[in-house]
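The residues making up each chain are set out below.
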Amino acid sequence: MKIKSICCIGAGYVGGPTMAVIAKKCPEIKVTVVDINEARIAAWNDKNMDNIPVYEPGLGEVVAEARGRNLFFSTDVDRAIDEADMVFISVNTPTKTYGEGKGQAADLKWIELCARQIARVATTDKIVVEKSTLPVRTASTLKSILDHTGSGVNFQILSNPEFLAEGTAVEDLFAPDRVLIGGGQTEDGKRAIQALVDIYAHWVPKDRILTTNVWSSELSKLTANAFLAQRVSSINALSELCEFTEADINEVSRAIGTDSRIGPKFLKASVGFGGSCFQKDILNLVYISRSYGLNEVADYWEQVIIMNDHQKRRFAKKIIKNLYNTVSGKKITFLGWAFKKDTNDTRESAAIYVADLLLYEQAHISVYDPKVKAEQVYADMDYLNSRSSDENRKYVEIVKDPYEAAKGAHAIALMTEWDEFKTYDWQRIYDNMLKPAHVFDGRNILDKQKLRDIGFQVHAIGSANE
Ligand code: NAD
Ligand code: UGA
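Residues numbered from 1 in each chain as written. Chains lettered and ligands numbered in written order. Predicted model: local features only at pLDDT ≥ 70, side-chain atom pairs only at ≥ 80, totals over all residues. Heavy atoms only, no water.

Trainee: Looking at this structure, I do not really get the site of ligand 1. What am I missing?
Mentor: The environment of ligand 1 is formed by 25 residues, the closest being D35, R40, T93, E166 and K280. D35 is positioned with one of its side-chain polar atoms (N or O) 2.6 Å from an oxygen atom of ligand 1. For ligand 1, a nitrogen atom lies 2.7 Å from a polar atom in the side chain of E166. Computed on the free molecule, ligand 1 has an accessible area of 830 Å², of which 92% lies beneath the protein chains in the complex. Looking at the shell around ligand 1 residue by residue, the class counts come to nine nonpolar, nine polar and seven charged. (Near = heavy atom within 4 Å. Polar contact = N/O pair within 3.5 Å; in protein donor to acceptor, adjacent residues only side chain to side chain. Areas by Shrake-Rupley, 256 points an atom, 1.4 Å probe, with all protein chains shown as cover. Nonpolar A, V, L, I, M, F, W, Y, C, P; charged D, E, K, R; others polar.)

Trainee: Could you clarify how one ought to interpret the pairing of strand β10 (residues 364-368) in this entry?
Mentor: Regular strands show a simple pattern: their side chains alternate between the two faces of the sheet. Judged by how many residues are buried, β10 sits mostly within the fold: four of five residues are covered. Taken together, the five bridges between strand β9 (residues 331-335) and β10 define a ladder with parallel strand orientation. Pairing of F334 across the sheet is with V367, part of β10. Crossover β9 to β10 through helix α13 (residues 350-360) is right-handed. Direction of pairing for β10 relative to strand β11 (residues 396-398): parallel, over a ladder of three bridges. Following the sheet pairing, S366 is matched in β11 by E397. (Buried < 20%, exposed > 50% of the residue type's maximum accessible area, 1.4 Å probe, protein only. Helix = DSSP H or I, 4+ residues; strand = E, 2+ residues; numbered from the N terminus. Pairing = 2+ DSSP bridges. Right-handed = clockwise from strand over helix to strand, strands pointing away.)

Trainee: I tried to follow the site of ligand 2 on my own but got confused; where do I start?
Mentor: The full set close to ligand 2 counts 20 residues, and F163, L164, S270, C277 and R443 are the nearest of them. In this structure, an oxygen atom belonging to ligand 2 sits 2.7 Å away from a main-chain N or O atom of L164. The contact in question runs from an oxygen atom of ligand 2 to an N or O atom on the side chain of R443, over 2.6 Å. Look at ligand 2: alone it shows 700 Å² of surface, and the protein chains cover 90% of it. Residue contributions to the shell around ligand 2 peak at four residues, all from helix α9 (residues 214-245). The residue makeup of the shell around ligand 2, split by class, is 11 nonpolar, three polar and six charged.

Trainee: How should the sheet that holds strand β12 (residues 411-414) be read in this particular structure?
Mentor: Remark on secondary structure: sheet strands pair via backbone hydrogen bonds, oriented parallel or antiparallel. Overall, parallel pairing links the six strands, which are arranged β11-β10-β9-β12-β13-β14 in an open sheet. Two strands bound the open sheet, and with one partner strand each, they are β11 and β14 (457-460). Taking each pair of neighbouring strands and ignoring which way they run, the sheet shows an average axis angle of 20°. Relative to strand β13 (residues 438-441), β12 is paired through four bridges, and the arrangement is parallel. (Axes fitted to C-alpha atoms, helices over the stretch in contact; angles between N-to-C directions.)

Trainee: I tried to follow the state of the cysteines on my own but got confused; where do I start?
Mentor: Between two cysteines, a covalent bond joining their sulfur atoms is known as a disulfide. This model, assessed by the stated rule, comprises zero disulfides. C8 takes part in no disulfide bond, and the closest cysteine sulfur, belonging to C7, lies 6.9 Å away. The class of C8 is buried, set by a relative accessible area of 0%. The cysteine C26 is free of any disulfide, with C8 supplying the nearest cysteine sulfur at 14 Å. (Disulfide = S-S within 2.5 Å.)

Trainee: How do you make sense of helix α8 (residues 187-200) when you look at a structure like this?
Mentor: Within an α-helix, residues lying three or four positions from one another point in the same direction, as the helix has 3.6 residues per turn. Between its first and last C-alpha atoms α8 spans 20 Å; for 14 residues at 1.5 Å apiece the expected length is 20 Å, and the two agree. Inspection of α8 places G189, A192, I193, A195, L196, V197, I199 and Y200 among the buried residues, and these make up the whole buried set. (Expected span 1.5 Å × (residues − 1).)

Trainee: Could you clarify how one ought to interpret the pattern of salt bridges in this entry?
Mentor: Oppositely charged side chains can form a pair if their charged atoms are brought close together. Counted according to the given criterion, the structure contains 27 salt bridges. Between R79 and E83 there is a salt bridge, with the nearest N and O atoms lying 3.5 Å from each other. A residue pair is termed a helical-turn pair when its members lie 3 or 4 positions apart in one helix, as R79 and E83 do in helix α4 (residues 77-83) at four residues. Look at R79 and you get exposed, because its relative accessible area is 53%. E83 sits in the partly exposed class, given a relative accessible area of 35%. (Salt bridge = Lys/Arg side-chain N within 4 Å of Asp/Glu carboxyl O.)

Trainee: Please explain the environment of P402 as it appears in this structure.
Mentor: Along the chain, P402 turns up in helix α16 (residues 402-406). Separated by 115 residues in the primary sequence, P402 and Y287 have C-alpha atoms spaced 42 Å apart. Not counting the four nearest positions on each side in its chain, P402 is found in contact with L335, Y368 and Y424. (Contact = heavy atoms within 4.5 Å.)

Trainee: Mind showing me how you'd approach the side chain of S233 here?
Mentor: Tracing the backbone through its elements, the reader meets S233 in helix α9. Judged by its relative accessible area of 6%, S233 is buried.

Trainee: In this structure, what is going on with the side chain of K131? I would like to understand it.
Mentor: Relative to the assigned elements, K131 resides in the loop between β5 (126-130) and α6 (138-146). Overall, the relative accessible area of 2% leaves K131 in the buried class.

This is how it looks when you write it as C-alpha cells:
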C-alpha cells in the first residue's frame, strides 16, 4: 500500500517538526498538518520564519523548503482527515487536573475527540497512527471508537511514538537512533506497518526501523522517558552528596560515564529536569502500575519525581541560605527560563518553580532568556496560581538585555544552559551588581575559577560551597 496523502492532527512541538521532515524527505506525499488553534496555524504559515511557533535550530529551512509544495498547515481538520490515507494523532496528552487519576493519569480527552472526529468524517479506509505519547493499551480504546462508526470504513491502528528531544528536533528526526512502529499482527496490520516503514525508509536505514506489537511500542515510549529522567535524578541525587564531600559532580559524571555499559549522556547535574514529558510520562507510568496493583513498581518510579522536586526546592533554598537567609526585597536575576537550551518551550521548566519559591520569600526577579517571550513567563507564573497576576507582574520583570537584567542584583541564578551565557563579559555583569555578588549556577556550565577571580561568590550544583 502506497501512501499518497497524510494528515497530522496537532501542529505542536511534535506534529510541526515531524511532518515538516516527512514532507521534505517524501516530496511525492502531500502532508497536511491541522490544528484547532488558529493562531498557531497562522504562525506556521507566516512568511517570516522567525515567527513560526516552534523555535528549533534548522527548522525554518526545512519548513521553507516544503511548505506550499507538499506541506500545508490548515484549520480545516475534517477535510484533511477525509483526504488522507494515513492520519497521525499528535495532540497533547497532559497530566489530568481533575477527577479520577488527577495529578497522575494522562488526560486522553483530546485523543478521544480526534478518534471521534476521524470516525465521523472518514469515507475511505485509513491507517491511524498514534504519534502522541499514550498509556499502554490506548490503541484498544481508539479501535473501539473507530470500529463502531457503522460506515464500513476499515481502520488500522499503529503506534509510532516520537523520540525527538527539543532543541535538537531536526537532527533527531534526520538521524534517529531508531524509529519504532507497533501494529496489529494480522495480514492487514502487517500491511499497515509496512506502509509506514516505507515512509521512514526514504531516509532512515532499515535496521533502525523497529517493528513490534502495538503494546510494546506504547510501553517503550513511556519507559524510555522514565529511564532518561531516572539518570538525571540519579546524578542530581549525587550532586547533593558532592556538595557535602568536596567531590565534584562533573568529575564524578565523567568517571561514571566512561564505563561503556553506562555511557556519558544524560549525566549532567542540573537544577532539575523540566519539559512537557518527563514528569507527565513518569506520573502516568506510576498511575498505570498502581492500577494493576503493582505498588513496588509504582513507588520505584515515583522516586524519580520526588528527587526532581527536591532538587528544584533545594536550589531555591541554597539561594536563600547564601543570601544570609533572607531574599525579601532583594533582586535576583534569572539567566534562562526555557527548560533547556535551544528551545522556546518553558513547560515544567525548573525556573518556574524556583521563581515561585523565591517570590514566596518576597524576592524580586528579573528574567532574561534569549528565546522566551515576556508573556510566556507571565503565563507560566499565572498558571501556578500561587499569587495574583498583578503581583506576578509587579515582582517579576522581563528584560531584553542580560547586563541590564543584572543591574542592582544581589545574585544571578543561571537556570538554562544557553551557550551564550558562557561568552558573556562577566566582569561587566559583576560591575553592575550589588556586592557581595553571588552566582548560583544551576547548570554547572560556567568557569568557577574565572568568576571567583572577578570577585563573585560562586555556588554551583554539585560542588562544595566556598
Ligand atoms: P503541543 O501542545 O505542542 O501540541 C499539541 C497540539 O494539538 C496543540 O496545538 C493543540 O491545539 C492541538 N490539538 C489538541 N486537540 C486537537 C484536536 N482535537 N484537533 C486538532 N488539534 C488539536 O504538544 P506536543 O509537545 O507537540 O506533544 C504532543 C504529543 O507528543 C504529546 O503526547 C507528547 O507527550 C508527545 N511528545 C512530545 C515531545 C516533545 O518534545 N514535545 C516529544 C515526544 C513526544
Ligand atoms: C525528552 C527525551 O529526551 C526525548 O527522547 C523524548 O522524545 C521527549 O522527552 C518527549 O517525549 O517529550 P526533551 O524533554 O525535549 O526530550 O529534552 P531532554 O533533552 O530529554 O531534557 C529534558 C530535561 O532534562 C531538561 O530540563 C534538561 O535540561 C534535563 N537534563 C537532561 C538534565 O538536567 N541533565 C541531563 O544530563 C540531560
